[in-house]
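Okay, here's what each chain looks like letter by letter:
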Amino acid sequence: MDSPDVIAVPAATLEPFIAQIFNAAGCQRDEAECIARHLLSANLAGHDSHGVIRTPRYIFWLQQGFVRAGQTLTIVHETPTHAIVDGNFGFGQRIGELAVDLGIAKAQQHGISVIGLRNSGHAGRIGDWAEQAAGSGLISIHFVNVAGGELVAPFGGVNRRFSTNPICIGVPLAEGPIILDFATSLVAEGKVLVASNGGKPVPHGALIEPDGTLSSDPRTLYGPIEGTHVRDSAQGAGALRAFGEHKGSGLAFMCEILAGCLTGGGTSGPVEGGKRSRIANGMLSIYLQPGSFGAKEFEKSVRDYAAYVKASRPAEAEGEVLLPGEPEARNRAERLARGIPLQPETWAALVETAKSLGVTPPSV
Ligand code: NAD
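Residues numbered from 1 in each chain as written. Predicted model: local features only at pLDDT ≥ 70, side-chain atom pairs only at ≥ 80, totals over all residues. Heavy atoms only, no water.

> Would you mind going over the pairing of strand β8 (residues 178-182) with me for this structure?
The two faces of a sheet get side chains in turn, since along a regular strand they alternate between them. Pairing geometry for strand β7 (residues 167-171) and β8, over five bridges, is antiparallel. Each residue of the ladder has a partner; that of C168, found in β8, is D181. The loop that links β7 with its antiparallel partner β8 comprises six residues; one of these, G176, has a positive phi angle of about 130°. (Pairing = 2+ DSSP bridges. Helix = DSSP H or I, 4+ residues; strand = E, 2+ residues; numbered from the N terminus.)

Encoded structure:
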């Protein structure tokens, strides 16, 4: 549960503040605004783990040269229907938009496209990319890995071998897309980050100590966290666990194969020379134009089936069956009305980062 002293910051205040921070750190204004828009989109969806809480770490990565401002895509290999593109370690928010644009353009022309993206800076909430594709009437499927990142133990093991490797599927509908979007770890790393800042604790067993003991303590992943705002997962001795036992672990493995091996971006694994440097997202995305598959009345069929699923009798008296994406849509409506809830620790870290770059924080 959120602590009572949580700060509610209006999205209209927070977004330009975050953009100012990235602008002051060296991003051109349009790129800074793009990063802020996507971080806010994650907060609005309720995924605070991928929202503005990332700002201090992104700025640190920019200052270290792990991520670069002002990058665009390089085409490595291209045919009319598919491409491998390199993000040149640019900000994932900008690089992600460009890669999805390419997938959309090809699928609109040929009915289907596949884009393998490598060397992208952290691409944040993957649901944004499915929403972008759905906005152009396309189904999309995304498999993501994190080259150079090691956070998750495979089923039956304790040593880190995967990252949190999300999978996302989006289906367009006129009234708003259906978006399934989740990490293959039991919780996304950012949820441990939020917990380490005094936010919602992660469930017991989301983490595992080197001796196999299950844990919910963020220190399992980050080591000692007192007195620092930038969390470093290299400092923890333990690991996150994959969801769904062998099944989630198998999906995480396949994300490495599709988003890491096939794109050429590389897999999770020991960092060269044992020295930790940058991490980069890889993403294999498949785009499908429903109309070109001859499926008659696709939207109606989806809508009818979704209504049938939702009509399942709730397991609990006050319960409700939700479709993928419904919690996020509800959060968005509520948070646009009431503001983004931030833990005091998170706000303090943003203020500290802003001041270090000469940006005056808004009063909240
Ligand atoms: P999560 O566990 O909250 O699951 C989210 C998914 O489950 C959504 O599709 C949501 O609509 C659905 N859902 C939630 N509650 C539901 C309910 N009651 N009924 C039906 N459906 C429900 O998400 P997560 O695993 O914590 O991932 C959070 C975010 O982290 C995602 O947006 C993901 O893309 C992102 N992520 C990114 C990276 C990266 O490297 N860029 C890595 C890991 C995760």
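> Is there a simple way to think about the nonpolar core in this case?
Grouped burial of nonpolar side chains is what soluble globular proteins tend to show. Grouped together as the largest cluster of nonpolar side chains are 31 residues, with contacts concentrated most on L14, F17, I18 and F22. Of the residues forming this core, the biggest block, seven residues, is contributed by helix α1 (residues 11-24). When residues of this core are sorted by domain, at least three fall in each of domain 1 (7-64 + 326-356) and domain 2 (67-185 + 243-324). Other than its neighbours up to four places away in sequence, F17 contacts W347, L350, A354, V359, T360, P361 and P362. Core analysis: the second largest hydrophobic core is formed by 22 residues, A83, V85, L117 and L138 among them. (Core = buried A, V, L, I, M, F, W, Y, C linked by side-chain atoms within 4.5 Å. Buried < 20%, exposed > 50% of the residue type's maximum accessible area, 1.4 Å probe, protein only. Domains from an automatic or database assignment. Contact = heavy atoms within 4.5 Å.)

> Looking at this structure, how should I read the layout of surface pockets?
Put simply, the largest pocket is a space of about 880 Å³. Around the largest pocket sit 47 residues that line it, and H50, R54, H122, T164 and E189 are the ones nearest its centre. If you list the elements that add at least two residues to the lining of the largest pocket, you get α3 (55-64), β5 (139-147), β8, α6 (189-196) and α10 (326-338). It is β8 that provides the largest number of residues to the lining of the largest pocket, a total of four residues. Within the lining of the largest pocket, the residues separate by chemical class into 21 nonpolar, 15 polar and eleven charged. When we break the lining of the largest pocket down by domain, the ones giving at least three residues each are domain 1 (7-64 + 326-356) and domain 2 (67-185 + 243-324). (1 Å grid on protein atoms, 1.4 Å probe; cavity = no way out; pocket = protein on both sides within 12 Å on 5 of 7 lines; lining within 4 Å. Points joined across faces, edges and corners; volume = space filled by probe spheres on them. Nonpolar A, V, L, I, M, F, W, Y, C, P; charged D, E, K, R; others polar.)

> Before we go on, may I ask you to explain the state of the cysteines in this structure?
A disulfide bridge is the covalent bond that connects two cysteines by way of their sulfur atoms. Overall, the coordinates contain zero disulfides when judged by the stated rule. Take C34: it sits in no disulfide, and the sulfur closest to it among the cysteines is that of C27, at 9.6 Å. We note that C255 lacks a disulfide partner, and the nearest cysteine sulfur, in C168, lies 11 Å from it. The exposure class of C255 is buried, given its relative accessible area of 0%. (Disulfide = S-S within 2.5 Å.)

> Looking at this structure, I do not really get the sheet that holds strand β4 (residues 112-120). What am I missing?
To summarise the sheet geometry, strands pair through backbone hydrogen bonds and adopt either a parallel or an antiparallel arrangement. An order of β2-β3-β4-β12-β5-β7-β8 is seen for the seven strands of this open sheet, with the pairing classed as mixed. Two strands lie at the open edges of the sheet, namely β2 (74-78) and β8, each paired on one side alone. Each neighbouring strand pair of the sheet contributes to a mean axis angle of 15°, computed without reference to strand direction. Both strand β3 (residues 82-86) and β4 contribute to a ladder of five bridges, which runs parallel. Directly across from I84, in β4, lies its bridge partner G116. (Axes fitted to C-alpha atoms, helices over the stretch in contact; angles between N-to-C directions.)

From the geometry alone we can't say anything about function, so treat these as descriptive.
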